[in-house]
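Descriptive analysis of the structure
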Amino acid sequence: MDDEYAKLIRRMNPPRVVIDNDASEEATVIQVDSVNKHGILLEVVQVLTDMNLVITKAYISSDGGWFMDVFNVVDGDGNKIRDQEVINYITKRLESDASFVPSMRGTVGVMPSENHTSIELSGTDRPGLLSEVSAVLTDLHCNVVNAEIWTHNARAAAVVHVTDDSTGSAIEDPNRLSIIKELLCNVLKGNNDLKTAKMTLSAPGSTHRERRLHQIMFADRDYQRVERTELGKVVDKSSRPNVTVLDCIEKDYTVITMRSKDRPKLLFDTVCTLTDMQYVVFHGVVHTGRREAYQEYYIRHVDGLPMRSDAERERVIQCLEAAIERRASEGLELELCTDDRVGLLSDITRIFRENSICIKRAEISTKGGKAKDIFYVTDVTGNPVNPQIIDSIRQQIGHSNLLVKNPNFSPKPPQETTMSFLFGNIFKSRTFQNFKSIRSYS
């Protein structure tokens, strides 16, 4: 009865969206007012990030039964959103009453859809893993049409969309799917896997790829740090995110603050993690600078209670650190643009493996017969790749096909800026007498 009543209230009060290009000199301001429900903040943030909009500021308020958020956004070039068709599309998506972020509680595995088969993988990371996976798929006559691969804390996760290389459609034969699963699991297990490689059949359904990657790595407990001594690799803990938990005694909230290097989709990653851990953001503020992003959230668990134990606080801090780090652009960025063909990914990753190149993260996409792939790479020790090796690889693949996007990549963390802490004026005027500090577990 309560669910039906909540649906009635939402139908009677559809979301209202106002997009204003005059309220700010630097960004387009998007205001969203809606009946509150669990996960609505993630829904809105997901729509904006899926359109590759950069959220530079956000003000969040969802106490009581109403959700009122303001987002300052720019496009990928840092400009306001001027195209009226884009503005209309944003408005239509945000005002839709449908839940455009479906529940993601399926297990890891193989999911057929109308156009492709979605393969979800997780296992221990090692050099050459993507090459081995893509070689197996090519041998099994699977064409990779889209994929995203993340690595973090000695673990790897991937969501790969494949089609039958002869029909161009999804693979539905249960026997063939079983063979694909068996062979890929053998690749993922390797020789020294500390954990069991995961790949089980899931029920068909739509899935948001990036949210699934967060969920897969969370289920794989990648937030539990594994100290590894890699030859020649210098680990600088000062470059890690700074996550702190406070208790707001007066209002019965838990307050989370995060400082980290700014990057695209950072807000989505942290809000996604909090939502999937069953926490509700009641109030929040987000501010990004040239080098640093600051996030502050007033949260409670879905049961209405703040965090009560040190163990819970420690786990949340670890999970948020992992969410920030998973998509961090570690390594040299290489962009492949060429004609698509069956086995292309297998050939490219084989060349990387033969030149002792380690893929830290990858985004694979195809459209209109063209492949556009992004790889973030290091050498096997995690340090920058020798420029001569990169030049040799480009000669094999084609200089016009493989571009170097950030040639000045360095493993050293950025120097601290002298910027006064983001929202410094707010902090100066705020009294902390109602807060009991909880130590950071980072």
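Placed above this text is the structure.
Notes on the structure follow. These figures come from a predicted structure and were not determined experimentally.

**Quick word on the overall build of the protein chain**
Across its full length, the protein chain holds 11 helices and 17 strands. Within the protein chain, the proportion of its 442 residues that are buried is 50%. Sequence-distant contacts in the protein chain: of pairs separated by 6 or more residues, those separated by 24 or more amount to 73%. With the model as given, the accessible surface of the protein chain reaches about 21,900 Å², and the carbon-plus-sulfur share is 49%.

**Quick notes on helix 4 (residues 129–139)**
Along helix 4, the residues classified as buried are Leu129, Leu130, Ser131, Val133, Ser134, Val136 and Leu137. Phi turns positive, to about 60°, at histidine 141, one or two residues after helix 4.

**Considering helix 2 (residues 40–50)**
Of all 11 residues making up helix 2, 10 are buried, and the element is well covered by its neighbours. For helix 2, every residue scored as buried is listed here: Ile40, Leu41, Leu42, Glu43, Val44, Val45, Gln46, Val47, Leu48 and Thr49. Asparagine 52 sits one or two positions beyond helix 2 and adopts a positive phi of about 60°.

**Topic: the nonpolar core**
The biggest cluster of nonpolar side chains holds 46 residues, and the ones touching the most others in it are Leu48, Phe71, Leu94, Ile256, Leu267 and Tyr297. The dominant element in this core, judged by the number of residues it contributes, is helix 2, at seven residues. When sequence neighbours within four positions are dropped, the list of residues in contact with leucine 94 reads Pro15, Val17, Ile30, Val32, Val44, Val47 and Leu48. Ranked by size, the runner-up nonpolar core spans 42 residues in total, among them Leu188, Leu344, Phe352 and Ala371.

**Description of empty space enclosed by the protein**
The full count for this structure, using the stated rule, is five cavities of 30 Å³ or more. As a volume, the largest cavity reaches approximately 210 Å³. What lines the largest cavity is a set of 24 residues, among which Asp125, Leu129, Leu130, Ile149 and Ala156 lie closest to the centre. Among the elements of the structure, strand 6 (117–124), helix 4, strand 7 (142–152), strand 8 (155–164), helix 9 (344–354) and strand 14 (357–367) are those that each provide at least two residues to the lining of the largest cavity. Class assignment for the residues of the lining of the largest cavity results in 15 nonpolar, six polar and three charged.

**With respect to the packing of aromatic side chains**
A complete count under the given rule lists four aromatic pairs for this structure. Ring centres of tyrosine 253 and phenylalanine 282 lie 5.7 Å apart, and the angle between their planes is 45°; this geometry places the pair in the tilted category. Taken together, the residues span a long stretch of sequence, with tyrosine 253 in strand 10 (residues 253–261) and phenylalanine 282 in strand 11 (residues 279–288) at a distance of 29 residues. Here tyrosine 253 falls in the buried class, since its relative accessible area comes to 6%. On the basis of an interplanar angle of 90° and a centroid distance of 5.2 Å, the ring pair of phenylalanine 352 and phenylalanine 375 is categorised as edge-to-face. Of this pair, phenylalanine 352 sits in helix 9 while phenylalanine 375 sits in strand 15 (residues 370–379), and the two are 23 residues apart along the sequence. Taken together, the ring pairs connect Tyr253, Phe282 and Tyr298 into an aromatic cluster. Here arginine 300 stacks its cationic end above the ring of phenylalanine 282, 4.9 Å away from the centre of that ring.

**Observations regarding the side chain of arginine 327**
Here arginine 327 shows up in the loop between helix 8 (310–326) and strand 13 (332–339). Side chain to side chain, arginine 327 and glutamate 210 meet in a polar contact 3.2 Å long. A polar contact of 2.6 Å, which involves the side chain of arginine 327, links it to the side chain of aspartate 269. The residues touching arginine 327, leaving out its near neighbours within four places in the chain, are Glu148, Trp150, Glu210, His214, Arg263, Lys265, Phe268, Asp269 and Arg361.

**Description of the packing of helix 6 (residues 209–219) against helix 7 (residues 266–276)**
Axis separation between helix 6 and helix 7 bottoms out at 10 Å; the angle between their running directions is 60°. One element, helix 6, and the other, helix 7, form an angle in the oblique class. Note on packing geometry: the crossing formed by helix 6 with helix 7 is right-handed. Here Glu210, Arg211, His214 and Gln215 of helix 6 lie close against helix 7, whose contacting residues are Phe268, Asp269, Cys272, Thr273, Thr275 and Asp276. Looking at the contact of helix 6 with helix 7, its residues break down into two nonpolar, four polar and four charged.

Cut-off values and rules
- For every chain, the first residue of its written sequence is number 1, and the numbers climb from 1 along that sequence.
- Local features in this predicted model are restricted to residues whose pLDDT is 70 or higher, and side-chain atom pairs enter the listing and the counts only when it is 80 or higher, whereas totals over whole chains, interfaces and linings include all residues.
- The side-chain values count all of the structure's non-hydrogen atoms but skip hydrogen atoms and water molecules.
- Where helices and strands are cited, they refer to DSSP runs of H or I of at least four residues and of E of at least two residues respectively, numbered from the N terminus.
- A 1.4 Å probe rolled over the protein chains alone gives each residue an accessible area, and that area as a share of the maximum for its type sets the label: buried under 20%, exposed over 50%, partly exposed in between.
- Contact criterion: two residues are considered in contact whenever any of their non-hydrogen atoms come within 4.5 Å of each other.
- Only the protein chains shown count as covering a residue, and every accessible area follows the Shrake-Rupley method with a 1.4 Å probe.
- By nonpolar core we mean a set of buried residues, namely Ala, Val, Leu, Ile, Met, Phe, Trp, Tyr and Cys, connected to one another through side-chain atoms within 4.5 Å.
- Detection works on a 1 Å grid of protein atoms alone, calling trapped sets that fit a 1.4 Å probe cavities and calling open sets with protein on both sides within 12 Å along at least five of seven lines pockets, with lining residues defined by an atom within 4 Å of a point.
- Grid points are joined across faces, edges and corners, and a volume is the space filled by probe spheres set on the points.
- Polar here means any residue outside two lists: the nonpolar Ala, Val, Leu, Ile, Met, Phe, Trp, Tyr, Cys and Pro, and the charged Asp, Glu, Lys and Arg; Gly therefore counts as polar.
- Each aromatic pair joins two rings of Phe, Tyr and Trp (for Trp, the six-membered one) with centres within 6.5 Å, and gets the label stacked for planes under 30 degrees apart, edge-to-face for over 60, and tilted for any other angle.
- By the criterion adopted, a ring carries a charge over it if an Arg CZ or a Lys NZ lies within 6 Å of its centre and within 35 degrees of its normal.
- In protein, a polar contact requires one atom able to donate a hydrogen and another able to accept it; more generally it is a pair of N or O atoms within 3.5 Å, and residues adjacent in sequence count only if both atoms are side-chain atoms.
- Angles shown run from 0 to 180 degrees and are taken between the N-to-C directions of axes, each axis being a line fitted to C-alpha atoms and, for helices, limited to the stretch in contact.
- Working definition: roughly parallel below 35 degrees, roughly antiparallel above 145 degrees, roughly perpendicular at 65 to 115 degrees, and oblique for all remaining angles.
- Working rule for handedness: look at the near helix, and if it is turned counterclockwise from the far one by less than a right angle, call the crossing left-handed; if clockwise, right-handed.

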